[in-house]
Amino acid sequence: MDFSRIKTESGWRQDAREASLSDVYQSVKVTRHGSKLRRILAFAGPGYLVAVGYMDPGNWATSLAGGSKFGYALLSVALLSNLMAIVLQSLCARLAIASGRDLAQACRDAFPRSVSVVLWALAEIAIIATDIAEVIGTAIGLNLIFGISLEVGVLVTSLDVFLILYLQRLGFRWVEAFIITLLGVIAVCFGVQIFFADPVWSEVAFGFVPTTEIVKNPEMLYLALGILGATVMPHNLYLHSGIVQTRDFGKTVPEKREALKFATIDSTVALTFALMINAAILILAAAAFNANGHTNVVELGQANALLSPILGLALAPVFFGIALLCCGLNSTVTATLAGQIVMEGFLHIKLKPWVRRVVTRAIAIVPAGIVTIWYGDAGTSELLILTQVVLSLQLSFAVFPLVMFTTSKAKMGALVAPRWLAALAYLIALAIAALNVKLLIDVVSG
C-alpha cells in the first residue's frame, strides 16, 4: 500500500505521509456483512493493550502505599482516573479513525518543529518513566518467584523485544491474544487473594465516594497523583491512536462512524476491567495491611512477605508474584509499541521493524536498567511511586493536544467531538493540570 497517498481532512497542513505502525497497518480485516457481534469482536483487542498501561507495576506501588496508609479512601481516585481514561482513550480512537493519524503524527503536523521536538522529548521521558516501573516490577516478580537477582531480572526484561517481533510475525491478533491471556491470569490471582483477604464491602463501597481530604492532605494528594499518573498514562494516548489503525475499517464516513463506536466499546470494556484490577490491588492493601496495623507498606517485596501470614494462605505470595510478573511482561510489550509510535510519528524515522524496535526499546530500558541496578533492593518502591508522579506531570502535554485536535471541525470533519464531549474533555484536561500545579506548589513549599 502506498501510504503517501492516504488523504486526510483539509484542516491538516499535509496529507499523512505514512501510516502508524506501517508493518501491521490495517492488517486485521473487518467484515462488512457479518452479524453486529462479529463486527464488534473484530475491533476487540486494542483496548486491552491500552488497559495494560492502567495496571502496570508502577500502579501497584502507588495502590499498595495508598491502601496500606489510607485504607479504602483512594478508591475514589482510581474510579475518577478510570472515568477520565475512558473519555481520553475514546478521543484517541476518534483522532485515529477520523484523520488517519496517531497522536504523535498529529502533533508533528500541527505544531512548529521546535514545539513538536519538545513534545517528543516529553513523550520519551514518559516512556522511560513507564519502563523504569515495568522493569523494576518484572525484575521483582522474577525475584519473588524464581529468586533471580534484580540485576539479572533487568537483563531478562530486555528480551521482550524478540517476543514482540515473533508475535507480530504471526499477526497482530497474536499480540492481542498474548496480552489478554496474561490479563486473565492477573484477574484470577487477585480474585483468590481478595477472597482470602475478606474486605469489609460496605467500607469498600464508601471508598468510591470522593472526599476533600484528598486535596487538603499533601501526602494523600501525592499518592492520588501517583494513582492518576499510573492510570491515565501519556504513552497510552499515543499507543491507542496507533493500534486502532490495525483494523481495516474502510474509508467512508459511515464505516468510520461504526469503527469509532466499536473501538470505543472495546476500550470502555477493557478499561472497566482495568479498574477492577486496580481497585483489587488497593482493596487488598487496605484489607490485608491497613486493617492489620501495617500502614506503611510501600515495597512490593514487603507486601509479598506479609501476605502469607496475614491471609493464612501459603500460596498468596506466589499468586502475588505471578500477577506482578504478568503485569510487567504485558506493560513492557505495550510500552515498546508506544515507543515505536512516538519515534516514528514525531521524528519520521524510517527503519526496518526489528531495528526500530531495538532502538525504541533501548532508549527506554538503558536508563531503566541503570537506575534499577543503582538502587538495588533498597528504594525501589519510592522510585516506582516517583515514576508515576512524573507520568502525571507529563500527562497534560499529551492531553491538551489530543483535546485540541479532536474538537477541531477542520481537522476531524464529520467525526469532530460533539460539544458535550468537548466540554468534558477540556474539563478533564484542566483538572489534571490544576492537580499537577497544586502538587508542584506543595513540593516547593515543603
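Residues numbered from 1 in each chain as written. Predicted model: local features only at pLDDT ≥ 70, side-chain atom pairs only at ≥ 80, totals over all residues. Heavy atoms only, no water.

For the protein chain, an unreviewed UniProt entry supplies the name Divalent metal cation transporter MntH and the organism Rhizobium wenxiniae. The protein chain has a UniProt comment under Sequence similarities (unreviewed entry) that states "Belongs to the NRAMP family." (UniProt positions renumbered as here; feature names shortened; annotations may be inferred.)

Chemist: Hey, could you go over the layout of surface pockets for me, with residue numbers and the actual values?
Modeler: The calculated volume of the second largest pocket comes to roughly 260 Å³. Taken together, 14 residues make up the lining of the second largest pocket; nearest its centre are Val77, Leu80, Ile214, Val215 and Leu435. When residues of the lining of the second largest pocket are traced back to their parent elements, those giving at least two are α4 (75–99), α11 (213–216) and α12 (218–231). A per-element tally of the lining of the second largest pocket places α4 first, with five residues. Of the residues belonging to the lining of the second largest pocket, the class tally is eleven nonpolar, three polar and no charged. (1 Å grid on protein atoms, 1.4 Å probe; cavity = no way out; pocket = protein on both sides within 12 Å on 5 of 7 lines; lining within 4 Å. Points joined across faces, edges and corners; volume = space filled by probe spheres on them. Helix = DSSP H or I, 4+ residues; strand = E, 2+ residues; numbered from the N terminus. Nonpolar A, V, L, I, M, F, W, Y, C, P; charged D, E, K, R; others polar.)

Chemist: Lay out the nonpolar core with the relevant residues and their values.
Modeler: Here is a general trend for soluble globular proteins: nonpolar side chains tend to be buried in one another's company. Membership of the largest hydrophobic core comes to 126 residues, with the highest contact counts inside it found for Trp60, Leu74, Leu103, Phe190, Leu237 and Tyr238. Per element, the largest residue contribution to this core is 18 residues, and it comes from helix α14 (residues 253–288). If we ignore the near neighbours within four places in the chain, the residues touching Tyr238 are Asp102, Leu103, Ala104, Leu119, Ala123, Ile341, Val342, Phe346 and Ala398. (Core = buried A, V, L, I, M, F, W, Y, C linked by side-chain atoms within 4.5 Å. Buried < 20%, exposed > 50% of the residue type's maximum accessible area, 1.4 Å probe, protein only. Contact = heavy atoms within 4.5 Å.)

Chemist: Explain the pattern of salt bridges residue by residue, including any values.
Modeler: All chains considered together, the criterion is met by six salt bridges. We note a salt bridge from Asp248 to Lys29, for which the minimum N-O separation is 3.4 Å. Of this pair, Asp248 sits in strand β2 (residues 247–248) while Lys29 sits in strand β1 (residues 28–29), placing them 219 residues apart in sequence. Note that Arg247 and Glu176 form a salt bridge whose closest N and O atoms lie 2.6 Å from each other. Of this pair, Arg247 sits in strand β2 while Glu176 sits in helix α9 (residues 172–197); the two residues are 71 residues apart in sequence, bridging distant segments of the chain. Like Glu176, Arg247 is buried. One connected set of salt bridges, linked through shared partners, spans Arg173, Glu176 and Arg247. (Salt bridge = Lys/Arg side-chain N within 4 Å of Asp/Glu carboxyl O.)

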